[in-house]
Amino acid sequence: MSDPSTKVATTVPYTLTRLGVVMAPEPGNEWEAEGVLNPASGRTPDGQLYLLPRLVAPGNVSRVGLAEIVVRDGVPVGVERRGVVLAPDAGWERGLNNAGVEDPRTTWVPSLGVHLMTYVAYGPLGPKPALAVSEDLRTWRRLGPLHFEYQADLDTDVNLFPNKDTVFFPEPVPGPDGELAYAMLHRPMWDLGWLRPGEGTHLPAGVTDDRPGIWVSYVSAAAAQRDLSALTHLHDHRQVAMSEYAFEELKIGAGPPPIRVDEGWLLIHHGVSGHIPPGWDPTTQQVRYGAGAMLLDPEDVARVIARTPEPILEPETDDERTGTVANVVFPTTIEEIDGVRFVFYGMADAKIGVARLDRIS
């Protein structure tokens, strides 16, 4: 297991510049009554660019929508809605008093010829990660819940725990065994008190910090290329990064799929500070979400080679400070338009904003 406590360089030469709101709830649209937020994105075979936003209906029931991005003078300025592409229709995506397919992250993987959508299925036992695939962004085939293979040296079953912020790299990377693998970042949460009051936190062997952090797991590239269902069976779980700076004091999690840059793999992540009371109701939280950035080693994506000590985007505008959960910027996807990269992010769990990603020369 890598040692995420090892101090790393703080030079990550990338900045974010906010550009404004690109999507807000549509008046009278019941599916969006409680917000549009935390989108995925991708291009259809004809090259058209889309967001796949999380649409929240009354009762905190989430669906994944499809919205064509409107671009003016090279900048995303709005969307045109194209319906819903994923709803909590499967039994394991619903509980007695809850339901949802939440926070999609999509990665186009050329070597597989499909978009991979990781998402949170809000089922009977709370949030669990799941995977669906598509060739055109419109029709998605569920491959099912993700399964984390037992790893004896961790002395626990990763499947016991709620897990979020799952996202695949867009191409195979070297795995722990030296063979090419598809890598997926995720964020297990070790406190089982939500399921069994008083049960408390169960940490894997060798882990001493009980705050949720970023982990990586792998799937053999050869196995996935033979059968896509292999992507739901992950192995070689390793800790990547833990909270280290003030804006991350409660937890951190992966944001958009990592992108390959000259320095390595650029991962924009979120860091959370403040107070989170017990339970799953986000409206009770007194928190602040900021966006940081780190660089991962292309030869070992479990190793952080640089990291920002301060956020590169934090809640400042009214749309980011007021909403379902106040004081939130939550980056979830990166797209390139005419050679310029743009980051789309959730604003206070209510709207979707866009920021330009620039490299500092």
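Scoring rules and cut-offs
- Each chain has its residues counted from 1, running along the sequence as written.
- In keeping with the model being predicted, local features are shown solely for residues with a pLDDT of at least 70 and side-chain atom pairs are shown and tallied solely at 80 or more, while totals for entire chains, interfaces and linings include all residues.
- Working from all heavy atoms in the structure, the side-chain values ignore hydrogens and water.
- At least two DSSP bridges between two strands are needed for those strands to be called paired.
- Numbering of helices and strands runs from the N terminus; a helix is a DSSP stretch of H or I covering at least four residues, while a strand is a stretch of E covering at least two.
- Note on patches: the residues involved have over 30% relative accessible area and no salt bridge, like charges join within 9 Å, and the nonpolar side chains Val, Leu, Ile, Met, Phe, Trp and Tyr join within 5 Å.
- Note that accessible areas follow from Shrake-Rupley with a 1.4 Å probe, and for residues the cover is restricted to the protein chains shown.
- For this document, the term salt bridge refers to a Lys or Arg side-chain nitrogen within 4 Å of an Asp or Glu carboxyl oxygen.
- Charged residues are defined narrowly, with Lys and Arg counted positive, Asp and Glu counted negative, and His plus the chain ends left uncounted.
- Charge placement uses NZ in Lys and CZ in Arg. For Asp and Glu, CG and CD serve respectively.
- A simple rule labels every residue: compare its accessible area, found with a 1.4 Å probe on the protein chains alone, to the largest value its type can have, and call it buried under 20%, exposed over 50%, or partly exposed in between.
- For our purposes a nonpolar core is just a set of buried Ala, Val, Leu, Ile, Met, Phe, Trp, Tyr and Cys residues, chained together by side-chain atoms within 4.5 Å.
- Contact definition: two residues touch when any of their heavy atoms are within 4.5 Å.
- Axes here mean lines fitted to C-alpha atoms, for a helix over just the part in contact, with angles spanning 0 to 180 degrees between N-to-C directions.
- Aromatic pairing here means that ring centres of Phe, Tyr or Trp (its six-membered ring) are within 6.5 Å. Orientation follows from the plane angle: under 30 degrees is stacked, over 60 is edge-to-face, and everything else is tilted.
- Grid points spaced at 1 Å over the protein atoms alone were grouped into cavities, where a 1.4 Å probe fits but cannot get out, and pockets, open sets with protein on both sides within 12 Å along at least five of seven lines, with lining residues defined by an atom within 4 Å of a point.
- Grid points are joined across faces, edges and corners, and a volume is the space filled by probe spheres set on the points.
- Gly counts as polar in this scheme, as do all residues outside two lists: the nonpolar Ala, Val, Leu, Ile, Met, Phe, Trp, Tyr, Cys and Pro, and the charged Asp, Glu, Lys and Arg.
- Any pair of N or O atoms that falls within 3.5 Å is considered a polar contact. Within protein, one atom must be able to donate a hydrogen and the other to accept it, and sequence-neighbouring residues count only if both atoms are side-chain atoms.

Asker: Quick one: what's the story with the pairing of strand β5 (residues 75-86), residue by residue and with numbers?
Answerer: Two faces belong to every sheet, and in a regular strand the side chains alternate between them. Both strand β4 (residues 61-72) and β5 contribute to a ladder of eight bridges, which runs antiparallel. Bridge pairing in β5 places Gly 65 opposite Val 84. Counted along the chain from β4 to the antiparallel partner β5, the turn is two residues long, and its residue Asp 73 has a positive phi close to 55 degrees.

Asker: A description of a negative patch on the surface should follow, citing residues and the corresponding values.
Answerer: Judged by side-chain charge, Glu 149, Asp 177, Glu 179 and Asp 236 come together as a negatively charged surface patch. Within the secondary structure, Asp 177 sits in the loop between β12 (173-174) and β13 (180-188). In this structure Asp 177 comes out as exposed when scored by relative accessible area, which is 57%.

Asker: Could you give an account of the nonpolar core, naming the residues involved and the relevant values?
Answerer: In summary, soluble globular proteins display a tendency toward joint burial of nonpolar side chains. Judged by nonpolar contacts, the single largest core of 27 residues is most densely connected at Leu 116, Phe 168, Tyr 182 and Leu 231. Elements supplying a minimum of two residues to this core: β7 (114-123), β8 (126-134), β13, β14 (214-220) and α1 (221-226). In terms of residue count, the dominant contributor to this core is α1 (three residues). With residues up to four places along the chain from it excluded, the contact list for Leu 231 reads Leu 112, Leu 116, Leu 131, Leu 146, Phe 168, Tyr 182, Val 219 and Ala 224.

Asker: So what about the sheet that holds strand β6 (residues 101-109)? Which residues, and what values?
Answerer: If you trace the four strands from one edge of the open sheet to the other, you get β6-β7-β8-β9, paired in antiparallel fashion. Edge positions in the sheet fall to β6 and β9 (141-145), since each has one partner strand and no second. Taking each pair of neighbouring strands and ignoring which way they run, the sheet shows an average axis angle of 25 degrees. Of the pairings in the sheet, the one linking β7 to β8 comprises nine bridges and is antiparallel in character. Across the sheet, Tyr 122 pairs through a bridge with Pro 127, a residue of β8.

Asker: Lay out the pairing of strand β11 (residues 163-168) in plain terms, naming residues and giving numbers.
Answerer: A large share of β11 lies buried, amounting to five of its six residues. Where β11 and β13 come together, four bridges link them in antiparallel fashion. By the bridge assignment, Asn 163 is partnered in β13 with Pro 188.

Asker: Before we move on, could you go through the packing of aromatic side chains and cite the residues and values that matter?
Answerer: For the structure on display, the rule yields four aromatic pairs. Their ring planes at 75 degrees and their centres at 4.9 Å tell us that Phe 161 and Trp 190 sit as a pair that is edge-to-face. Placement of Phe 161 in the loop between β10 (147-148) and β11 and of Trp 190 in the loop between β13 and β14 is noted, with a sequence separation of 29 residues between them. Residue class for Phe 161 comes out buried when judged on its relative accessible area of 2%.

Asker: How would you explain the layout of surface pockets if you had to name every residue and give the values?
Answerer: Estimated volume of the second largest pocket: approximately 510 Å³. If you trace the second largest pocket, you find 23 residues lining it, with Trp 108, Pro 170, Ile 259, Ile 334 and Glu 335 closest to the centre. Sorting the residues of the lining of the second largest pocket by element identifies β2 (36-43), β6, β17 (259-261) and β21 (329-337) as the ones contributing at least two each. Of the residues contributing to the lining of the second largest pocket, the split by class is nine nonpolar, seven polar and seven charged.

Asker: An account of the environment of Gln 151 is needed here, citing residue identities and associated values.
Answerer: One can find Gln 151 in the loop between β10 and β11. Put simply, Gln 151 and His 237 are 86 residues apart on the chain and 7.6 Å apart in space, counted from C-alpha to C-alpha. Here Asp 153 takes part through its side chain, which lies 3.0 Å from a polar atom of the side chain of Gln 151.

Asker: Can you tell me about the sheet that holds strand β3 (residues 49-57), naming the residues and giving the values?
Answerer: A sheet is described by the order of its strands in space; here four strands give the open sequence β2-β3-β4-β5, paired in antiparallel fashion. Every other strand in the sheet has two partners, leaving β2 and β5 as the edge strands with one partner each. Geometrically, the sheet is characterised by an average inter-axis angle of 30 degrees between neighbouring strands, direction not taken into account. As paired elements, β2 and β3 share six bridges and run antiparallel to each other. Its bridge partner lying in β3, Gly 42 is registered against Tyr 50.

None of this, on its own, says anything about what the molecule does.
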